[in-house]
Amino acid sequence: MLEIRGLSITPPLLLAPMAGLTHSAFRTLLLRLGGVGLLSTEMLSARRLPMENAVISPFLVSTEAEHPLSYQLLVADNVHLARAIDRVHELKGDAIDLNLGCPAPKVRQFGGGSKLVDDMDSLRQLVAEARAHTALPLTAKIRLGEELNESSLRNLCRMLEGEGIDLLTVHARLRKEPFIRKPRWEWVGKVKNWLTIPVVANGGIFSVDDGRRCLERSGADGLMLGRGAAMRPWLFHELASELYGLDLPRLEIDRPACYFFFISQLEERFRPERRLGRLKEFTHYFSMTYPFGLRLASAVQSSGSMQEARERATVFFARS
Ligand SMILES: Cc1cc2nc3c(=O)[nH]c(=O)nc-3n(C[C@H](O)[C@H](O)[C@H](O)COP(=O)(O)O)c2cc1C
């Protein structure tokens, strides 16, 4: 349905890169439930990536099953770019995504994420260099900009396409807009009309209805899910069957089973000190599907060990 440089993204449902969330354990849970077309890492510092130990780094640990997998690079300049891309090649990544949208002050301070779009000439060089250095699908993820301005957004998007970006994901919010603000899906539609490469819509998709409305409003070639995937890991499955007609095995949603499977994957993949923080991060979102989910979130949040978190979650599920 969506193909970029020989990589088929079927269905066109992509996992959003999310720091602390989109690691091997979470990706494995999503694969088990089905319906995801392209997996992602969290943003990976291009400077540190070449030095990370792929056997133990929670950012890089990954299994044979986790494909297709896109590696998102957080890069500030050309200095570390080539070595970071080489590392993705060694790791057998299926695609490389450039983070051009992160609004976090820390990231902007060192010149990365959304800061990159402030200097179009340097960004153009960076993208050209990345393009010259890899034959993998090269994608980019942006927000709508500082303010609603069609001409600057159009210039940015056309420049990215012109320099060889294969697919563009648009998080439909301005740089400073918080997640509670309604996403501007119709602006993804504007971007779609300016470009010939596939455009993927991101932001505020928490249900099949959201996905349907987003596609209607944006005409996007695909959807990228972030928090919705952590809240309802089975949402990919639902969207794949209901919006894209994929014939997937019937899904019985068993929330405690999902949760405990996720814990088992954390325990299989990560060293003990790397597990609890990731469980807390996931629980923050996963608990939102329960009417009294805050109780689960705070019970796990205040747990001192995986064992304690598991016991408290067991009590919560038994009562829910
Ligand atoms: C906890 C968290 C971590 C995130 N980390 C990243 C990241 O590493 N790279 C990135 O491009 N965006 C990151 N984002 C933004 C998401 O990829 C996505 O654009 C945003 O959450 C909007 O989509 P959603 O409404 O489906 O969650 C992060 C968002 C959250 C909530």
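Here the structure is a predicted model, which is why all the values come from computation and not from measurement. (Residues numbered from 1 in each chain as written. Predicted model: local features only at pLDDT ≥ 70, side-chain atom pairs only at ≥ 80, totals over all residues. Heavy atoms only, no water.)

Thoughts on the site of the ligand
The environment of the ligand is formed by 18 residues, the closest being Pro17, Gln72, Asn202, Gly204 and Arg227. Asn99 is positioned such that a nitrogen or oxygen atom in its side chain is 3.4 Å from an oxygen atom of the ligand. A breakdown of the residues in the shell around the ligand according to their chemical character gives eight nonpolar, seven polar and three charged. (Near = heavy atom within 4 Å. Polar contact = N/O pair within 3.5 Å; in protein donor to acceptor, adjacent residues only side chain to side chain. Nonpolar A, V, L, I, M, F, W, Y, C, P; charged D, E, K, R; others polar.)

Considerations on the nonpolar core
Counting residues in hydrophobic clusters, the biggest one holds 93 residues, and the most contacted among them are Leu160, Leu168 and Leu279. A per-element tally of this core places helix 10 (residues 255–269) first, with six residues. Shared between two domains, this core takes at least three residues from each, and those domains are domain 1 (2–244) and domain 2 (255–319). Core analysis: the second largest hydrophobic core is formed by eleven residues, Ile9, Leu14, Leu38 and Val200 among them. (Core = buried A, V, L, I, M, F, W, Y, C linked by side-chain atoms within 4.5 Å. Buried < 20%, exposed > 50% of the residue type's maximum accessible area, 1.4 Å probe, protein only. Helix = DSSP H or I, 4+ residues; strand = E, 2+ residues; numbered from the N terminus. Domains from an automatic or database assignment.)

Some points on helix 5 (residues 150–162)
Here helix 5 is 13 residues long and its end C-alpha atoms lie 18 Å apart, about the 18 Å a rise of 1.5 Å per residue gives. Along helix 5, the positions that sit buried rather than exposed are Leu153, Leu156, Cys157, Met159 and Leu160. One side of helix 5 carries all its buried residues, which in axial view fall inside an arc of 160°. Where helix 5 is buried, its residues meet helix 4 (120–133), strand 7 (138–143), strand 8 (167–171) and helix 6 (185–194). Two to three positions downstream of the cap, the backbone nitrogen of Ser151 sits 3.0 Å from a side-chain oxygen, assigning the N-cap of helix 5 to Asn149. Gly164 lies just past helix 5 and shows a positive phi near 105°. (Expected span 1.5 Å × (residues − 1). Arc of directions from axis to C-beta. Contact = heavy atoms within 4.5 Å.)

A closer look at the packing of aromatic side chains
Per the counting criterion, the structure on display carries twelve aromatic pairs. Between Phe282 and Phe286, the ring centres sit 5.2 Å apart and the planes meet at 25°, which makes this aromatic pair stacked. Taken together, the residues Phe282 and Phe286, both in helix 11 (residues 276–286) and four residues apart, mark about one turn of the helix. Accessibility classification places Phe282 together with Phe286 in one group, the buried group. By way of ring pairs, the aromatic residues Phe26, Trp234, Tyr259, Phe260, Phe262, Phe282, Phe286, Tyr290, Phe316 and Phe317 are connected into one cluster. It is Lys190 that lies over the ring of Trp187; its NZ or CZ is 4.9 Å from the centre. Looking at Arg227, its charged tip hangs above the ring of Phe179, at a distance of 4.3 Å from the centre. (Phe/Tyr/Trp six-rings, centres within 6.5 Å; stacked < 30°, edge-to-face > 60°. Lys NZ or Arg CZ within 6 Å of the ring centre and 35° of its normal.)

Concerning the domain arrangement of the protein chain
Taken domain by domain, the protein chain comprises domain 1 (2–244) and domain 2 (255–319). The interface of domain 1 with domain 2 comprises 23 residues on the first partner and 17 residues on the second. Note on domain 1 versus domain 2: buried area summed over both sides is about 1,900 Å², and carbon and sulfur give 78% of it. Connecting domain 1 to domain 2 are zero salt bridges. Where domain 1 meets domain 2, there are two residue pairs in polar contact (both at pLDDT 80 or more). Counting only elements with at least two residues in the side of domain 1 that touches domain 2, the list comes to helix 1 (24–33) and helix 8 (227–231). Among the residues making up the side of domain 1 that touches domain 2, the classes are represented as 14 nonpolar, five polar and four charged. (Buried area = accessible area lost by both parts, 1.4 Å probe. Salt bridge = Lys/Arg side-chain N within 4 Å of Asp/Glu carboxyl O.)

Re unusual backbone geometry
Following Thr10, the chain continues to Pro11 via a peptide bond in cis, the omega torsion being -5°. The backbone of Arg5 sits at a positive phi, close to 45°, despite the residue not being glycine. Tracing the backbone shows Arg5 in the loop between strand 1 (2–4) and strand 2 (7–9). Of the residues examined, Arg5 reaches a relative accessible area of 46% and is grouped as partly exposed. Positive phi, close to 65°, is recorded for Lys92, a residue that is not glycine.

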